[in-house]
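Fold and geometry: a report
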Amino acid sequence: MKRLDWNALDEASRRDALARPAQSRVDDLRRGVEQIIASVRTGGDTALLELSKKYDHCTLDAIEVSEAEFDEAETALAPELKAAIHEAAERIEIFHRAAAPQPVGVDTAPGVRVERVLRPISRVGLYVPAGSAPLPSTALMLGVPASIAGCREVVMCSPARADGRCDEAVLYVARITGVHKVFKLGGAQAIAAMAYGTASVPKCDKLFGPGNSWVTEAKLQVSGDPDGAAIDMPAGPSEVLVIADADANPAFVAADLLSQAEHGPDSQVILLSPSAEMLDRVTGEVDRQCAALPRNAIAAQALAQSRLIKVDSLAQAIEVSNRYAPEHLILQVAKPRNLLESIDSAGSIFLGAWTPESLGDYCSGSNHVLPTYGYARSYSGVSVASFQKQITVQEVTPEGLRAIGPCAATLAAAEQLEAHRRAVTMRLAALNGESSEGKS
């Protein structure tokens, strides 16, 4: 990991220090994704079968998961894994139900009722990656809030293995969270299928879930097409920023850094500390722990583009963190809650030595589908609200129109929108028993 002193850097060097690994939205990738999307739109299911053979190295008889495959997956899972899935699902549901938006109704003036009603997005598409490892936890993070929101149809895509089957745990989660259809599809072709629809895959209104650079590029392309689909958020490789004081446990800090580094070679981890000794000790711990990891080669690639940054104080660490806007922010300091008010931008925050980010990934109850690549400045993680539309409703009585009509008429006149003004003044005249033509 590269070692830096924040206060010894000029502005250009500070930008470089917080730069993410170059996201792969290069011309070749963009054109490649465009070709895949065009192929799916033209060739439908036939194209999907061909692309699965090309990219996922599997020959599929059918792209939809059958009831028999769901049954076999459930039978194959170990009881302890099933129990852990249900335990995690319960906590995710508890939190997401409590945090869900609620209907609102308020009188903004006598006789003027304004409300907000909630409606689920009718058909949503969930993408669950399975590149270097399957992610049933992502299926939980998407399936549970979609179920709470009450979406009419929930579609899931996850890549098949070489044997033509999806991961058993992913299928089990899909079944218990009420997903209606699961398709053995991965990559940009899965995004295209859900965005535009095929004979087998329903066209979805909004797409959710993380993925590699091809998936991310595909989501961005379909979201920019009026005929495509909305997306949850732009996203890039996973990342974590840890702030540690002099009393933090260096083994814990190193473990948290490595838990993100093992995601993929383009993941990024950053440690900020006012203690040079802490940076030294964490460096040694990272080397020691990384060597023992099954995915140490992947973690080592991620660490090569990560940073250890010396700052003057915890206050300066927060300033740097807000500038970076991390997906995950871990505060390994003596009094972490004292810093919470100062944090403006982060996907999810983990307070204290006993709150590893891994708990948020799996079972604390929060959602792990979060904005990355600096998008935490303006985006939030997935929640029940992500699967809903918030529709405003207003109802005005004659008394209410008399109260607020003149205000609307004055503002409409200022904007030179005469039809807007007349839509109000005609009604006011009618209430007063006057000719609308004469008083408009």
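**Focus: the sheet that holds strand 9 (residues 239-244)**
In space, the 6 strands of this open sheet follow the order 1-11-10-9-12-13, with parallel pairing throughout. A strand with exactly one partner marks an edge of an open sheet, and here the two such strands are strand 1 (2-5) and strand 13 (348-351). For this sheet, the mean angle separating the axes of adjacent strands, direction not counted, is 15°. Where strand 1 meets strand 11 (residues 307-310), 4 bridges bridge the pair, whose relative direction is parallel. Note on strand 11: the bridge partner recorded for Lys 2 is Arg 307. Lying on the sheet, helix 10 (residues 276-291) is in contact with strand 1, strand 9, strand 10 (268-273) and strand 11; it crosses strand 11 at an angle near 165°. Against the sheet, helix 12 (residues 314-324) touches strand 9, strand 10 and strand 12 (328-332), its axis set at about 170° to strand 9.

**Section: the sheet that holds strand 5 (residues 153-157)**
With parallel pairing, the 5 strands of this open sheet are ordered in space as 6-5-4-7-8. If you trace the sheet from one side to the other, it starts and ends with strand 6 (181-183) and strand 8 (230-231), each paired once.

**Some words on the environment of Phe 350**
Structurally, the position occupied by Phe 350 is in strand 13. Put simply, Phe 350 and Glu 217 are 133 residues apart on the chain and 29 Å apart in space, counted from C-alpha to C-alpha. Beyond its immediate chain neighbours, meaning those up to four positions away, Phe 350 contacts His 328, Leu 329, Ile 330, Leu 331, Thr 355, Pro 356, Glu 357 and Gly 360.

**Comments concerning the environment of Glu 399**
Assignment of secondary structure puts Glu 399 in helix 15 (residues 398-414). For the pair Glu 399 and Gly 111, spaced 288 residues apart in sequence, the C-alpha to C-alpha distance is 5.6 Å. Apart from the residues lying within four places of it in its own chain, the contact partners of Glu 399 are Pro 110 and Gly 111.

**Focus on the nonpolar core**
In terms of nonpolar packing, the biggest core is built from 39 residues, with Val 124, Leu 126, Leu 140, Met 156, Val 182 and Phe 387 touching the most fellow members. Residue assignment for this core shows that the elements contributing at least two residues are helix 3 (67-76), helix 4 (79-99), strand 4 (123-127), helix 5 (136-149), strand 5 and helix 6 (168-176). Leave out the neighbours within four places in its chain, and Leu 140 touches Ile 85, Ala 88, Ala 89, Ile 92, Pro 145, Val 173 and Thr 177. In terms of nonpolar packing, the next biggest core, distinct from the first, is built from 32 residues, Ile 36, Phe 183, Val 222 and Ile 231 among them.

**Section: the packing of aromatic side chains**
Taken as a whole, this structure holds 4 aromatic pairs when the rule is applied. Centre to centre, the rings of Phe 208 and Phe 387 are 3.9 Å apart; their planes meet at 10°, and the pair counts as stacked. Of this pair, Phe 208 sits in strand 7 (residues 206-208) while Phe 387 sits in the loop between helix 14 (357-362) and strand 14 (388-396), and the two are 179 residues apart along the sequence. Each member of the pair, Phe 208 together with Phe 387, is buried.

How each quantity is defined
Residues numbered from 1 in each chain as written. Predicted model: local features only at pLDDT ≥ 70, side-chain atom pairs only at ≥ 80, totals over all residues. Heavy atoms only, no water. Pairing = 2+ DSSP bridges. Helix = DSSP H or I, 4+ residues; strand = E, 2+ residues; numbered from the N terminus. Axes fitted to C-alpha atoms, helices over the stretch in contact; angles between N-to-C directions. Contact = heavy atoms within 4.5 Å. Core = buried A, V, L, I, M, F, W, Y, C linked by side-chain atoms within 4.5 Å. Buried < 20%, exposed > 50% of the residue type's maximum accessible area, 1.4 Å probe, protein only. Phe/Tyr/Trp six-rings, centres within 6.5 Å; stacked < 30°, edge-to-face > 60°.

No statement about biological role is implied by the geometric values presented.
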